[in-house]
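# Descriptive structure summary
Spelled out, the chains give:
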Amino acid sequence: MKHNQLTYDALLSLVPKSPVWSIDWSRIWGLWPELAALDSCPQDPIHHAEGNVGLHTRMVTEALVGLEEWRRLDAKDRSLLFWSAILHDIGKPATTREEDGGRISARNHARVGTQMVRQLLWEIGAPFAWREALCGIVSEHLVPFWLIEKNNVQRQAILTSWRCRPDHLCLHAQADTLGRFCADRQGVLDNIDLAREAFKEARCFKAPFAFANAASRVSYFEKVDRDPAYVEFEDFRCRVTVMSGLPGAGKDTWIKANCPNLPMVSLDQIRLELGAPNTGNQGRVIQAARERAREYLRAGQNFVWNATNISRQLREKSLKLLRDYNAEVELIYLEPKVETLFLQNQNRDSAIPAKALSGLIRKLEPPQDWEAHNVERVIAAY
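What this report covers is the structure whose coordinates are included nearby. (Residues numbered from 1 in each chain as written. Predicted model: local features only at pLDDT ≥ 70, side-chain atom pairs only at ≥ 80, totals over all residues. Heavy atoms only, no water.)

### Thoughts on the overall build of the protein
As a reminder of what qualifies: Secondary structure elements are taken from DSSP: a helix is a run of H or I of four residues or more, a strand is a run of E of two residues or more, and numbering for both begins at the N terminus. Each radius of gyration is computed over the set of C-alpha atoms, and the globule rule expresses the reference value as 2.2 Å times the number of residues to the power 0.38. Throughout, a residue-residue contact means that at least one pair of heavy atoms, one from each residue, lies within 4.5 Å. Per-residue and other accessible areas were derived by the Shrake-Rupley procedure at a 1.4 Å probe size, with only the shown protein chains allowed to occlude residues. We score Asp and Glu as negative and Lys and Arg as positive, and we do not count His or the chain ends. Throughout, a charge is located at the NZ atom of Lys, the CZ atom of Arg, the CG atom of Asp or the CD atom of Glu.
Helix and strand content of the protein: 20 helices and seven strands. Whereas a compact globule of 382 residues would reach a radius of gyration of roughly 21 Å, the protein reaches 22 Å, a difference of no more than 12%. Put simply, 73% of the contacts in the protein that link residues at least 6 apart link residues at least 24 apart. Carbon and sulfur atoms make up 50% of the accessible area of the protein, which totals about 17800 Å². Positive and negative side-chain charges in the protein, numbering 49 and 48 respectively, have mean positions lying 3 Å apart.

### Brief notes about the layout of surface pockets
Quick note on the threshold: Think of a 1 Å grid over just the protein atoms. A cavity is a set of points where a 1.4 Å probe fits yet cannot get out, a pocket is an open set with protein on both sides within 12 Å along at least five of seven lines, and lining residues have an atom within 4 Å of a point. Grid points are joined across faces, edges and corners, and a volume is the space filled by probe spheres set on the points. Side-chain classes are defined by residue name, with Ala, Val, Leu, Ile, Met, Phe, Trp, Tyr, Cys and Pro counting as nonpolar, Asp, Glu, Lys and Arg as charged, and the others, Gly among them, as polar.
Roughly 1500 Å³ of volume is contained in the largest pocket. Lining of the largest pocket is provided by 50 residues; of these, Pro247, Asp268, Arg271, Ala307 and Thr308 occupy positions nearest its centre. Looking at the lining of the largest pocket, its residues break down into 18 nonpolar, 21 polar and 11 charged. Within this model, the second largest pocket holds a volume of roughly 820 Å³.

### Quick look at the packing of helix α12 (residues 166–178) against helix α13 (residues 185–201)
This is how it is decided: Here an angle of 0 to 180 degrees is reported between the N-to-C directions of two axes, which are lines fitted to C-alpha atoms, with helices fitted over the stretch in contact. By definition in this entry, angles of less than 35 degrees are roughly parallel, angles greater than 145 are roughly antiparallel, angles of 65 to 115 are roughly perpendicular, and the rest are oblique.
Direction vectors running N to C along α12 and α13 enclose 175°, while the axes themselves pass 10 Å from each other. It follows that α12 is roughly antiparallel to α13 by the angle criterion. Counting all contacts with α12, which are made through Pro166, Cys170, Leu171, Ala173, Gln174, Thr177 and Leu178, the residues of α13 involved are Arg185, Val188, Leu189, Ile192, Ala195, Arg196 and Phe199. For the contact of α12 with α13, the class distribution of residues is 10 nonpolar, two polar and two charged.

### Overview of the pairing of strand β6 (residues 327–335)
Convention followed: To sort residues, take the accessible area from a 1.4 Å probe on protein chains only and compare it with the maximum for the residue type: under 20% means buried, over 50% means exposed, and anything in between is partly exposed. Should DSSP find at least two bridges between two strands, the strands are taken to pair.
Counting buried positions along β6 yields eight of nine residues, so the element is predominantly enclosed. Direction of pairing for strand β3 (residues 238–244) relative to β6: parallel, over a ladder of seven bridges. Counterpart to Met243 in the pairing with β6 is Ile332. Pairing between β6 and strand β7 (residues 374–379): six bridges, direction parallel. Within β7, the position partnered with Leu331 by the bridge is Val375.

### Some details on the environment of Leu341
Of note, Leu341 is situated in helix α19 (residues 338–346). On the accessibility criterion, Leu341 (0% relative accessible area) is buried. For the pair Leu341 and Lys256, spaced 85 residues apart in sequence, the C-alpha to C-alpha distance is 18 Å. Residues contacting Leu341, with those up to four places away along its chain left out, are Trp122, Leu246, Pro247, Gly248, Ala249, Pro336, Leu357 and Ile361.

Here it is in structure tokens:
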């Protein structure tokens, strides 16, 4: 739950403004204990001779605020990039290890940091679109450093463009590089410039690559050899509505209001039938759900798949099954306020412990637009 009474408006008030562009570090560093932890997190001196993660974070943010390109952005985008700079390495304390030979690494810090940032910003009521744009930068912030060295630069550029805005990503990477001491800094800056050109050549520098239709987009993400210009024929056998949301998000209520007459594959119902718990290993329940889904798919029957589906990994196999049967897939993601979520979970017949729900919040990965033919988000207003 919330660390304090911090609000989204309070975050915006801390973004530097013209003409002074000063940063109130004393206030910012006291917002979350996760920021204070950065000061005691070491980094590999080869790439970060400046010292700990906290020092690097402050240097990155100062570098960003000093860039004219950042200052010319509108207020919303300035705030997005400013807080991306502050939060981009927040996952390092949880992932930093000393490897053989004394080298320091923080593998997977971008993924872990993304999950942390999402929870912190959800708890303070940050708008969904702003929060997820920021999470996209945290998740992909290393891409401009190595994009040009990939075998298929165009494909990687297009995939990245559906996860965050590449122009924002490259501006962040520029500040990330200026905010460190390393021997190859100019080489890294050159790579970022080449990444900018790669995104432009792929026609996705300021927006996601424009596919011919939804089926072409979904197919491109699934098939590594697919030409981005290929037009996929849309001739679906049935339509499947796949729910996504934490326990207590209101999935059952949405289904009753929007598609009450469709047959449903419900993991909660299957658990009751099998006498299975709602926590722990869910392999038997998921397998039973997949078998029921196949029955509807073989018959070309529209239906609802009602499960939490809160992570990309959880959704991937189910969505692949639906696509294999040529189903049109719509993902419905529900996200209430944090307080509402805990209350609604508590009032459910199959409620899970509050501690377990908090753990699921940290694992949450809302559906991305490229995962299905249509993604609808039902987000609580703050």
